Amino acid sequence: MKTPDAGCDVARHAYTQARIDHWNRVAAESLRRPDLSRNYRRRLRQVCQFLVPAGKRVLELGCGKGELLAALAPQQGIGVDFSPAMLEQARQLHPRCVFVERDVHELLSGPLPPELLEPPDVILLSDLVNDLWDVQETLSSIRRFCSPDTRIICNFHSHLWEAPAQWAQELGAMTPRLEQNWLTTDDMANLLHLAGFEIIRRFDDFLWPWQTPLIEPLCNRWLAKLPPFRWLTLTHFMVCRLEPQRKPDCVVSVVIPARNEAGNIEAAVQRVPEMGAGTELIFVEGGSTDTTWAAVQQAVSQHPERKIKAFQQTGKGKGDAVRLGFNEAEGEVLMILDADLTVPPESLPQFYEALMSGKAEFVNGVRLVYPQEKEAMRFFNLLGNKFFSWAFSWLLDRSVKDTLCGTKVLSRSRYQQLAANRSYFGDFDPFGDFDLLFGAAKMNLRIVDLPVRYRERTYGDTNIQRWRHGAILLRMVLFAASRLKFI
């Protein structure tokens, strides 16, 4: 009489072998019959190319013929699959990638092949989890491949499509599959949590399965992103990372753009606290009509106990000032603090802690949680902020409650990656806030809102021109929709 464990092992082996045989047959039949899923796989490649920049180290589990892996143009592409027939075609079609024949469960529990000793930048599980014997075991085992920077991207079919998919297979309109798990998004989120992963972003895609002019791009690029159509989509996407761990303390650079802020410079020097392994202040003055530049120079000479740098920008706008300050910074943690001090400098250690704890990779200040001082934000500015909060939360597939708060924090290494890929959006943002937010979202960073107490100005007037700048922001929303949402 078999023990329960032995019985489970036998069932698991039979389950796996049945799938190996099935996908071997699918591989053989694909050589002599039309590709029934080519439109779906084409759309899948488009979405994954948006999520994964070229030149990354990519590991795909359940890679099949390797077409998705190769389409990402990886610096190093490694595919793992248990079907020898699929891998034979993959090696012929994509000789620049490395393919390993092994069951995912065995790969993750056994010794690592030499190709997998270095953590990949991205691990793909494309249409895999619904076919696994034990999803949680597989997800837990993936941890051994991950660094804190590794992103796990998984996509799987919606439970609502279970019956339509069965009908399509019976009619010969879809590649046949064996019995599936049909996980819901809540099921998958729970399994990822149990395995020690945190979801950064989730979204849905693919509404129209046929490649038909006008209708297919309308449905899959546009309607699939809008309710109620997105609830009918075929595929769920999730982007995840390891649950965070604390990082060692490091030097902090606080960049303070200053235009017509002469009366706030001394207060900024006195009120910004020392953080981490040391704090440097970087003032960037640009186009002031008062004595701001003289006040900055005076602060440098009167406070030798503090490390202060001062620059005058040659370009225009806060965005240009922030870029100059970040380029001159020596710290590994980069912060922005508006010189009007409406966000109290005393709150900066909270931003530092959020980043160094690993709970955030991009910390965004939020002025719309706590009650504000009476004159801190005018009524129409408040309405505009709330509108843009809603718009950008929808665009970025994550909550961003206050897009225009000037206080934002990220690491130098993350910023350098963001700057290197800035051409995707172009030089479109005079404020600097959206340049950073869009870049962080495109890089799949963990963006975290941090509430702050918003204060009234004690010197000078706001540099924001409500209606003109509001029109610029509205154009940026439309631009971002074309680059981040309707891809």
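What counts and what doesn't
Residues numbered from 1 in each chain as written. Predicted model: local features only at pLDDT ≥ 70, side-chain atom pairs only at ≥ 80, totals over all residues. Heavy atoms only, no water. Helix = DSSP H or I, 4+ residues; strand = E, 2+ residues; numbered from the N terminus. Rg over C-alpha atoms; globule rule 2.2 N^0.38 Å. Buried < 20%, exposed > 50% of the residue type's maximum accessible area, 1.4 Å probe, protein only. Contact = heavy atoms within 4.5 Å. Areas by Shrake-Rupley, 256 points an atom, 1.4 Å probe, with all protein chains shown as cover. Pairing = 2+ DSSP bridges. 1 Å grid on protein atoms, 1.4 Å probe; cavity = no way out; pocket = protein on both sides within 12 Å on 5 of 7 lines; lining within 4 Å. Points joined across faces, edges and corners; volume = space filled by probe spheres on them. Nonpolar A, V, L, I, M, F, W, Y, C, P; charged D, E, K, R; others polar. Axes fitted to C-alpha atoms, helices over the stretch in contact; angles between N-to-C directions. Parallel < 35°, antiparallel > 145°, perpendicular 65-115°, else oblique. Left-handed = near helix turned anticlockwise from the far one by under 90°. Expected span 1.5 Å × (residues − 1). Disulfide = S-S within 2.5 Å. Salt bridge = Lys/Arg side-chain N within 4 Å of Asp/Glu carboxyl O.

Peer 1: Looking at this structure, I do not really get the overall build of the chain. What am I missing?
Peer 2: Along the chain, the regular secondary structure elements total 17 helices and 14 strands. In terms of overall dimensions, the chain is globule-like: its C-alpha atoms have a radius of gyration of 26 Å, near the 23 Å expected for 487 residues. Residues counted as buried form 52% of the 487 residues belonging to the chain. Restricting the contact set of the chain to residue pairs at least 6 apart, pairs at least 24 apart contribute 77%. Summed over all atoms, the accessible surface of the chain reaches about 22400 Å², with 56% contributed by carbon and sulfur.

Peer 1: When you look at the pairing of strand E7 (residues 235–242) in this model, what are you seeing that I'm missing?
Peer 2: Taken residue by residue, a regular strand's side chains alternate between the two faces of the sheet. The buried count for E7 comes to eight of eight residues, which makes it a mostly enclosed element. Across eight bridges, the pairing between strand E6 (residues 197–205) and E7 is antiparallel. Residue pairing for E7: Asp204 is matched across the bridge by His236.

Peer 1: How should I be thinking about unusual backbone geometry in this particular structure?
Peer 2: Glycine aside, a negative phi is what most residues show, and trans is what most peptide bonds show. Backbone torsion omega between Pro227 and Pro228 reads 0°, so that peptide bond is classified as cis. The topology assignment puts Pro228 in the loop between helix H9 (215–222) and E7. At Ala73, a position not held by glycine, the phi torsion is positive, near 50°. Structurally, the position occupied by Ala73 is in the loop between helix H3 (67–71) and strand E2 (76–81). Even without being glycine, Asp127 reaches a positive phi, approximately 55°.

Peer 1: Even after reading the chapter, I still don't get empty space enclosed by the protein, so can you show me in this structure?
Peer 2: By rolling a water-sized probe across the atoms, one finds the places where empty space is left. Under the counting rule described, the total for this entry stands at six cavities of 30 Å³ or more. In this structure, the largest cavity occupies an estimated 50 Å³ of space. As for the largest cavity, its lining consists of Phe50, Arg201, Phe203, Asp204, Lys225, Asp397, Leu484, Lys485 and Ile487. Broken down by secondary-structure element, the contributors of at least two residues to the lining of the largest cavity are E6 and helix H17 (466–485). Ranked by the residues each element gives to the lining of the largest cavity, the list is headed by E6, at three residues. Taken together, the residues of the lining of the largest cavity break down into four nonpolar, no polar and five charged.

Peer 1: I tried to follow the packing of helix H6 (residues 135–142) against helix H8 (residues 185–194) on my own but got confused; where do I start?
Peer 2: Think of two packed helices as two axes; the pair is described by the angle between the axes and how far apart they sit. Here H6 crosses H8 at 45°, and the two axes come no closer than 9 Å. The angle between H6 and H8 places the two elements in the oblique class. In the crossing of H6 with H8, the sense of the turn from one axis to the other is right-handed. Residues Val135, Gln136 and Leu139 of H6 pack against Met188, Leu191, Leu192 and Leu194 of H8. When the residues that make up the contact of H6 with H8 are grouped by side-chain class, the tally is six nonpolar, one polar and no charged.

Peer 1: What am I meant to see in helix H12 (residues 317–328) here?
Peer 2: An α-helical turn contains 3.6 residues, so any two residues separated by three or four positions project in the same direction. Spanning twelve residues, H12 covers 17 Å between terminal C-alpha atoms, matching the ideal 16 Å at 1.5 Å per step. Along H12, the residues that are buried comprise Gly319, Ala321, Val322, Arg323, Gly325 and Phe326.

Peer 1: Sorry if this is basic, but what is going on with the sheet that holds strand E3 (residues 98–101) here?
Peer 2: Within the open sheet, the seven strands sit side by side as E3-E2-E1-E4-E5-E7-E6. Their pairing is mixed. The open sheet has two edge strands with one neighbour each: E3 and E6. Taken over all neighbouring pairs, the strand axes of this sheet differ in orientation by 20° on average, direction set aside. With five bridges joining them, strand E4 (residues 122–126) and strand E5 (residues 151–157) adopt parallel strand pairing. Bridging from a neighbouring strand, Val122 pairs with Arg151 of E5. Each of strand E1 (57–61), E4, E5 and E6 is contacted by H6, which is oriented at about 165° to E4, the strand it contacts most.

Peer 1: Just checking my understanding: could you explain the state of the cysteines for this structure?
Peer 2: Disulfides are covalent bonds that connect the sulfur atoms of two cysteines. Per the stated rule, a full pass over the model turns up zero disulfides. For the unlinked cysteine Cys97, the closest cysteine sulfur is that of Cys63, found at 8.9 Å. The buried category is assigned to Cys97, whose relative accessible area is 11%.

Peer 1: For this particular structure, what's the right way to read the pattern of salt bridges?
Peer 2: Pairing is possible between side chains that carry opposite charge, provided their charged atoms lie close to one another. Summed over the entire model, instances satisfying the criterion amount to 31 salt bridges. The partner of Arg42 in a salt bridge is Glu216, and the shortest N-O contact between them spans 3.0 Å. Note that Arg42 is positioned in helix H2 (residues 38–51) and Glu216 in helix H9, a separation of 174 residues in sequence. Here Glu361 makes a salt bridge to Arg414, at a shortest N to O gap of 2.7 Å. Pair noted here: Glu361 is in the loop between helix H13 (348–356) and strand E12 (362–366) and Arg414 is in helix H15 (residues 412–420), with a separation of 53 residues, a long-range link. Salt bridges linked by common partners bring Asp149, Arg151, Glu198, Arg241, Glu361, Arg414 and Arg446 together as one network.

Peer 1: Any chance you could explain the sheet that holds E12 here in plain terms?
Peer 2: Adjacent strands of a sheet form backbone hydrogen bonds with each other and so pair up, either parallel or antiparallel. Read from one edge to the other, the open sheet built from seven strands follows the order E10-E9-E8-E11-E13-E12-E14, with strand pairing classed as mixed. Looking at strand neighbours, the two that pair on one side only are strand E10 (307–312) and strand E14 (447–451), the edges of this open sheet. With direction set aside, neighbouring strand axes in the sheet form an average angle of 20°. When strand E9 (residues 279–285) meets E10, the two strands line up parallel, connected through six bridges. In the sheet register, Glu285 faces E10, and the bridge partner there is Gln312.

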